[in-house]
Amino acid sequence: MTKRLLPPLIAAACLLLTLSCKQSPVETVPLHRFDKVLFSTPPQQLPQTLAQHRSEFNTELLNLQPDNPEFMALLEGFVQDPTMRDIYRLVDSAFGDMTAESQSLGTALARAKQLCPAIRYDKVYTFISGTFNYDMRVGCNSHELIIALDQYVLPYTARYNYFNTPLYLVNQSRRQYLLTDCMTAIARQHIAIPQNNQLSLLDYMIAEGKAIYFAQQTLPDTPDSILMRYTAPQMEWMQRNEEHVWAYLMQTKLLFETDYMRFHNLIDDAPKTNAFRDSSPRTTDYIGWQIVSRYMKNSGISMQQLLEEADAQKILSQSNYRPK
């Protein structure tokens, strides 16, 4: 009996070995948890602790000044604030273990490096911002990322009315958007912007389309709704009304408009886009993404070349974009 079972077992083991060799190894990126160090240290010991961790947290993104008495006094007050300590407890409850993020983000960063060899991010920091700035959920420079984890527990901090955060932004401040936010932040850091002071709506659309496309390529298993930071109904509305939105842009001749006040509601975070009834927000971001996707399919250029191409009109023209 045992002898008859042995060959199939060996075959199965060989098959598993072959499959595992074909799979990409799981990448990880270390997460430097400044939030944990800060809030687990007694306030009176902060100067010594930060001095001990000086090399780990030596980044312009945190701009720590352990030798500055005024800075340390502010930091000690921040750590002892009852609301901030409650926020940290919520953050620690939600993000005490970030193994999944470390692996997923590491894999995405490895893909980004393959697509654009110049993009190399090897340090990621986490902290608690203590204020709401939706545009700064994730910050980065040319080689480091920093994540404000308190921005991703907002649905659980409603009892604080976290700095009067609007509900539509609270609903976008969820853990499932964290990886997308990281990759779009990196893309924006590397996207070439036209060298003039009058950016058109099309410039904004294509830049944001590039960021979303970059996130899609580095996080290939992420649903489109997460890439767009949409609810399912918002995604459905956008897909149904893509042609309608494009027709509106053509009819109003807004595409090449440079007066930001005339088109800001089309690109700003908001409950909806005012030009359309019961619409999704940021409708032109979605259109920009579709244009960039078509352009990449038609041109066959590299991701690096896409990020460096600052001519939005060229991208539109060569995309042969036509809404469905």
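Below you will find a few notes about this structure. Per chain, residues are indexed from 1 in the order of the written sequence. With the structure being a predicted model, the display of local features is reserved for residues of pLDDT at least 70 and the display and counting of side-chain atom pairs for 80 or more, all residues being used for whole-chain, interface and lining totals. The side-chain quantities take in all heavy atoms of the structure and omit both hydrogens and water.

In this description a helix means any DSSP run of H or I spanning at least four residues, a strand means any run of E spanning at least two, and both kinds are numbered starting from the N terminus. Looking only at helices and strands, one finds 15 helices and four strands in the chain. Between two residues, a contact is recorded if the distance between any of their heavy atoms is within 4.5 Å. Across the chain, the fraction of contacts at a sequence separation of at least 24, relative to all contacts at a separation of at least 6, is 68%. Each accessible area value is a Shrake-Rupley result obtained with a 1.4 Å probe; residue values ignore everything except the protein chains displayed when judging cover. With the model as given, the accessible surface of the chain reaches about 16900 Å², and the carbon-plus-sulfur share is 51%.

A ring pair, where both rings are aromatic, is described by two values, the distance of the centres and the angle of the planes. When two rings of Phe, Tyr or Trp (its six-membered ring) have centres within 6.5 Å they constitute a pair, described as stacked for plane angles under 30 degrees, edge-to-face for angles over 60, and tilted for the intermediate range. Under the defined criterion, the tally for this structure stands at 11 aromatic pairs. With a centroid separation of 5.2 Å and 70° between ring planes, the pair formed by F34 and F57 is classed as edge-to-face. Here F34 is found in helix α2 (residues 34-39), whereas its partner F57 is found in the loop between α3 (46-52) and α4 (69-80), with 23 residues between them in sequence. Neither residue differs from the other here; F34 and F57 are each classed as buried. Measuring from ring centre to ring centre gives 6.4 Å for F57 and Y125, while their planes differ by 50°; the resulting arrangement is tilted. On the criterion of sequence distance, the pair formed by F57 in the loop between α3 and α4 and Y125 in strand β2 (residues 123-127) is long-range, its members being 68 residues apart. Across the pair, exposure class does not vary: F57 and Y125 are buried alike. Each residue gets one of three labels from its accessible area relative to the maximum for its type: buried under 20%, exposed over 50%, partly exposed in between, using a 1.4 Å probe on protein chains only.

Moving on to unusual backbone geometry. Phi is positive for D278, close to 50°, though the residue is something other than glycine. Within the secondary structure, D278 sits in the loop between α12 (260-267) and α13 (283-299). Classification of D278 by relative accessible area gives exposed; the value is 59%. Even without being a glycine, N320 presents a positive backbone phi close to 55°.

Let us look at the pattern of salt bridges. Only one rule defines a salt bridge in this text: a Lys or Arg side-chain nitrogen within 4 Å of an Asp or Glu carboxyl oxygen. Applying the stated criterion to the full structure yields 13 salt bridges. One salt bridge connects E257 with R262, and the closest N-O pair in it is separated by 2.7 Å. Taking relative accessible area as the criterion, E257 reaches 17% and is therefore assigned buried. Within this structure, R137, D181, R229, D269 and R282 form a network of salt bridges that share partners.

Let's shift gears to the packing of helix α11 (residues 232-252) against α13. Packing of α11 against α13 brings their axes to within 9 Å, and their N-to-C directions diverge by 85°. Taken together, α11 and α13 sit at an angle that is classed as roughly perpendicular. For the pair α11 and α13, contact is made by M235, W237, M238, Q239, E242, V245, W246 and L249 and by T283, T284, Y286, I287, Q290, I291 and R294, respectively. Note that Gly is not counted as nonpolar here; it falls among the polar residues with everything else outside the nonpolar set of Ala, Val, Leu, Ile, Met, Phe, Trp, Tyr, Cys and Pro and the charged set of Asp, Glu, Lys and Arg. Taken together, the residues of the contact of α11 with α13 break down into nine nonpolar, four polar and two charged. Axes, fitted as lines to C-alpha atoms, cover a helix only where it is in contact. Angles between the N-to-C directions of the axes lie from 0 to 180 degrees. Between 65 and 115 degrees an angle is taken as roughly perpendicular, under 35 as roughly parallel, over 145 as roughly antiparallel, and anywhere else as oblique.

In terms of nonpolar packing, the biggest core is built from 86 residues, with L105, L145, M183 and I291 touching the most fellow members. With 10 residues, helix α9 (residues 201-218) is the largest single contributor of residues to this core. For this analysis, a nonpolar core means a set of buried residues of the types Ala, Val, Leu, Ile, Met, Phe, Trp, Tyr and Cys, connected via side-chain atoms within 4.5 Å.

Everything listed here is a matter of geometry and, on its own, says nothing about what the molecule does.
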